[in-house]
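Residues per chain, in single letters:
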Amino acid sequence: MLYNLLESKKYMQTAGKITIATALFSLAAFAVMFLFNAGTTELAKVEAQGNATTSLTVLNTPPEWVASTTELIESSTNNPTNSGDTISWVATAFDPNQTYYYLLVCEAPDAPSSTDGGVPFCNGGVQWGVSAQTPVNTQAIVSTTTSEVAPFSQSNNWYSWICDDDADNARCNAAYSTGTNATNSSPFVVNFRPSFTAAFNDSPKNPGETVNFTSSSTDSDGHDMTLIICSSAAYSTSTNSCDASTLA
């Protein structure tokens, strides 16, 4: 009995110590695992942040005027463009995105429409013309041949625009140009030909007598007219003279 009592007493003295040690060990193990898991989570966050990507969308900006549009050769009341001749406009533009641009000339001031990767077009009135694709800081040119039938009249308004040919979001400058001075600006003026309503002479005449040529004609422009009598049907409008001999 004495042996059992001593053994029982010894057991009771060490039992609490073992329980406390086990608890401390478990707590320490838990702390280590917590710190390990927390560190792994934070590391994963850091890695995720390090692998994050950023996308940036750059919007297209319209071209800018460098030199406003002007008539290449003045077309005005004092210097009209003869019907059948060509009138041309020139301008220069710069595009911040370094894309090509077009010079567009319209009859009306309505804002035009751009075309992604293509040619712009007028939204009002007659489209007098559009240039070819033109590099930035290079002069663009637009030309059209005049006539005496619609859409041409004696006085014709024009408004010009610059538009780029961006593939995704082509744009036109919001400001139009109508010229830089009083003579090379809108409108352009077309000189129509006069029309004969009658032409005759008072021949025959005896040798030495004067033959008189008479015409009844009109000019829609209200210009003065000169009657020229040639010995053949060949006549030069550029020199205003007969190609053969001039009779009167």
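Calculation notes
- Residues numbered from 1 in each chain as written.
- Predicted model: local features only at pLDDT ≥ 70, side-chain atom pairs only at ≥ 80, totals over all residues.
- Heavy atoms only, no water.
- Disulfide = S-S within 2.5 Å.
- Buried < 20%, exposed > 50% of the residue type's maximum accessible area, 1.4 Å probe, protein only.
- Helix = DSSP H or I, 4+ residues; strand = E, 2+ residues; numbered from the N terminus.
- Core = buried A, V, L, I, M, F, W, Y, C linked by side-chain atoms within 4.5 Å.
- Phe/Tyr/Trp six-rings, centres within 6.5 Å; stacked < 30°, edge-to-face > 60°.
- 1 Å grid on protein atoms, 1.4 Å probe; cavity = no way out; pocket = protein on both sides within 12 Å on 5 of 7 lines; lining within 4 Å.
- Points joined across faces, edges and corners; volume = space filled by probe spheres on them.
- Nonpolar A, V, L, I, M, F, W, Y, C, P; charged D, E, K, R; others polar.

Observations regarding the state of the cysteines
Link 1 in the chain: Applying the stated rule across the entire model yields 3 disulfides.
Link 2 in the chain: The disulfide bridge from Cys163 ends at Cys172, spanning 2.0 Å between sulfur atoms. Taking the sign of the torsion about the S-S bond as the criterion, the disulfide between Cys163 and Cys172, at about 105°, is right-handed. For the residue pair Cys163 and Cys172, the accessibility class agrees, reading buried in each case.
Link 3 in the chain: There is a disulfide in this structure between Cys230 and Cys242, and the S-S distance comes to 1.8 Å. Because the torsion about its S-S bond is -80°, the bridge between Cys230 and Cys242 counts as left-handed. Here Cys230, found in the loop between strand 11 (213–218) and strand 12 (235–236), pairs with Cys242, found in strand 13 (residues 241–242); they are 12 residues apart in sequence, far enough to count as distant.

Describing the nonpolar core
Nonpolar side chains tend to gather and get buried jointly when the protein is soluble and globular.
Link 1 in the chain: In this structure, Trp89, Leu103, Val105, Trp128, Trp158 and Phe188 are the most contacted members of the largest nonpolar core, which totals 16 residues.
Link 2 in the chain: When residues in this core are grouped by element, the largest group, 4 residues, is from strand 3 (residues 86–94).

Focus on the packing of aromatic side chains
Link 1 in the chain: Counted by the stated rule, this structure contains 7 aromatic pairs.
Link 2 in the chain: Ring centres of Trp128 and Phe188 lie 5.1 Å apart, and the angle between their planes is 80°; this geometry places the pair in the edge-to-face category. Taken together, the residues span a long stretch of sequence, with Trp128 in strand 5 (residues 127–130) and Phe188 in strand 9 (residues 188–191) at a distance of 60 residues. With respect to class, Trp128 is no different from Phe188; both count as buried.
Link 3 in the chain: Through successive ring pairs, a cluster of aromatic residues spans Trp89, Trp128, Phe152, Trp158 and Phe188.

Remarks on the layout of surface pockets
Link 1 in the chain: Considered as a void within the structure, the largest pocket measures approximately 850 Å³ in volume.
Link 2 in the chain: Residue lining of the largest pocket: 22 residues in total, with Arg193, Pro194, Thr226, Tyr235 and Asn240 positioned closest to the centre.
Link 3 in the chain: Elements with a contribution of two residues or more to the lining of the largest pocket: strand 10 (195–201) and strand 11.
Link 4 in the chain: In terms of residue class, the lining of the largest pocket is made up of 7 nonpolar, 11 polar and 4 charged.
Link 5 in the chain: What lines the second largest pocket is Leu72, Ile73, Glu74, Asn79, Pro80, Thr81, Asp85, Thr86, Ile87 and Ser88.
Link 6 in the chain: In terms of residue count, the dominant contributor to the lining of the second largest pocket is strand 3 (3 residues).
Link 7 in the chain: Split into classes, the residues belonging to the lining of the second largest pocket amount to 4 nonpolar, 4 polar and 2 charged.

Keep in mind that these numbers describe shape and distance, not what the molecule does.
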